[in-house]
Amino acid sequence: PDKATTYSRVMLKISGEALMGDTAFGLHPPTVQRIAKEVQTVHQMGVEICMVIGGGNIFRGLQGSAQGMERTTADYMGMLATVMNALAMQSALEELGIHTRVISAITMNEVAEPYIRRRAVRHLEKKRVCIFAAGTGNPYFTTDTAATLRANEMACEAIFKGTKVDGVYDKDPAKHADAKRYDRVSYDEVLAQHLGVMDASAIALARDNHLPIIVFSLDEPGGFKGILAGDGTYTIVH
Ligand code: UDP
């Protein structure tokens, strides 16, 4: 890695909606390709990269259950949505020449590898990008929790949470001109103030394992790499 790089293995968490671009549903391949290029710049620094992608651009369990579906079935549909997103990202990364493995928490051997921790670690050591799909494999969880869980298991040094804004604000910056961005904020403050970084179980899991969460803008070209190289705007939850 570059001298400026402080992290050698990171988890990148993005929502499913990040793959929609300006469309209202599903996948927007040019947007997937754009994000893949951001990942490539970090991969070129020698950083080992894990990824978790949500499924909200296709299906969310809570929405399904609100419309009368049985909750666990709806959640499994949400997990399957994350597998589709993972495959789209794998395709875009491999198009750039980056070896990528999709590793699913729900076995579907024809489509993705099963999750075997030591095997995944080996992929990372060989500089393959690992995309962890199907969340935790359990209903009632989210992909934020899956990202935190896998980041801990893979001994990632930080979670990079790519969002539409360049950090955590005290109120919604899209609605309030005087919203203030935090440079640093504690896990407990995020929980107490309901700052909406990730859901509470993910924040608690990160806190209990001292895993920093870096919230940054995925819309900023070069932003992901910039932070790893030592600059850029972001909030660190610690
Ligand atoms: N999901 C689940 N267990 C998990 C991860 C995800 O049941 O461990 C389901 C849940 O229904 C969720 C959906 O998958 O609504 C999509 O994930 P998420 O909402 O976290 O996606 P994002 O908001 O990041 O796009």
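Residues numbered from 1 in each chain as written. Predicted model: local features only at pLDDT ≥ 70, side-chain atom pairs only at ≥ 80, totals over all residues.

Q: Kindly report on the site of the ligand, identifying the contributing residues and their values.
A: The environment of the ligand is formed by 23 residues, the closest being Gly-54, Gly-56, Gly-61, Gly-78 and Gly-135. If one sorts the elements of the shell around the ligand by residue count, helix α3 (residues 71–95) sits on top with five residues. Taken together, the residues of the shell around the ligand sort by class into six nonpolar, 13 polar and four charged. (Near = placed C-beta within 6 Å. Helix = DSSP H or I, 4+ residues; strand = E, 2+ residues; numbered from the N terminus. Nonpolar A, V, L, I, M, F, W, Y, C, P; charged D, E, K, R; others polar.)

Q: Describe helix α1 (residues 29–43), naming the residues involved and giving the relevant values.
A: Between its terminal C-alpha atoms α1 stretches 20 Å, which fits the 21 Å expected from 15 residues at 1.5 Å a residue. Listing the buried residues of α1 in full gives Val-32, Ile-35, Ala-36, Val-39, Val-42 and His-43. Angularly, the buried residues of α1 cover 105° about the axis, an arc narrow enough to put them on a single face. Buried positions along α1 lie against β1 (9–14), β2 (48–53), α3, β5 (129–133) and α8 (223–228). (Expected span 1.5 Å × (residues − 1). Buried ≥ 20, exposed ≤ 12 C-beta atoms within 10 Å, placed from the backbone. Arc of directions from axis to C-beta. Contact = placed C-beta atoms within 7 Å.)

Q: Report on the pairing of strand β3 (residues 100–104), specifying residues and quantitative values.
A: Within β3, four of the five residues are buried, leaving the element largely enclosed by the surrounding structure. Sheet analysis places β3 next to β5, joined by five bridges and oriented parallel. Bridge pairing in β5 links Ile-103 to Phe-132. Summarising the sheet, β3 and strand β4 (residues 113–114) pair through two bridges and their orientation is parallel. Bridge pairing in β4 links Ser-104 to Pro-114. (Pairing = 2+ DSSP bridges.)

Q: Before we move on, can you summarise the UniProt feature "binding site: ATP" (unreviewed entry) in the protein with the specific residues and values?
A: UniProt records the feature "binding site: ATP" (unreviewed entry) for Lys-13, Ile-14, Ser-15, Gly-16, Gly-56, Arg-60, Thr-163, Tyr-169 and Asp-172 in the present numbering. A maximum C-alpha distance of 25.3 Å is found for the annotated residues, which run over 160 residues; spatially they are spread out rather than grouped. Position of Gly-56 relative to the elements: it lies in the loop between β2 and α2 (61–66). Owing to 22 C-beta atoms within 10 Å, Gly-56 belongs among the buried residues under this scheme. Among residues more than four places away in sequence, those in contact with Gly-56 are Ser-15, Gly-16 and Glu-17. Residue placement: Tyr-169 occurs in the loop between β6 (158–163) and β7 (184–185). If sequence neighbours within four positions are ignored, Tyr-169 has contacts with Ala-179, Lys-180 and Arg-181. (UniProt positions renumbered as here; feature names shortened; annotations may be inferred.)

Q: Would you mind going over the packing of helix α5 (residues 143–153) against helix α7 (residues 200–208) in detail, with residue names and values included?
A: Look at α5 against α7: their axes get within 8 Å of each other, and the N-to-C directions meet at 15°. In terms of orientation, α5 lies roughly parallel with respect to α7. When the axes of α5 and α7 are compared, the crossing they make is left-handed. Within the contact between the two elements, α5 uses Asp-144, Thr-145, Thr-148 and Leu-149 and α7 uses Ser-201, Ala-202, Leu-205 and Ala-206. A per-class count over the contact of α5 with α7 returns four nonpolar, three polar and one charged. (Axes fitted to C-alpha atoms, helices over the stretch in contact; angles between N-to-C directions. Parallel < 35°, antiparallel > 145°, perpendicular 65-115°, else oblique. Left-handed = near helix turned anticlockwise from the far one by under 90°.)

Q: Report on the nonpolar core, specifying residues and quantitative values.
A: In terms of nonpolar packing, the biggest core is built from 70 residues, with Met-11, Met-89, Ile-131 and Ile-159 touching the most fellow members. Per-element accounting of this core gives the leading share, 10 residues, to α3. When neighbours within four sequence positions are excluded, Ile-159 is seen to be in contact with Met-11, Lys-13, Ala-147, Thr-148, Ala-151, Ala-206, Leu-211, Ile-213 and Ile-214. (Core = buried A, V, L, I, M, F, W, Y, C linked by C-beta atoms within 7 Å.)

Q: Account for α3, naming residues and giving values.
A: Helix length check: α3 (25 residues) gives 37 Å between terminal C-alpha atoms against 36 Å at 1.5 Å per residue, within 8%. Within two residues after α3, Gly-97 carries a phi angle of roughly 85°, on the positive side.

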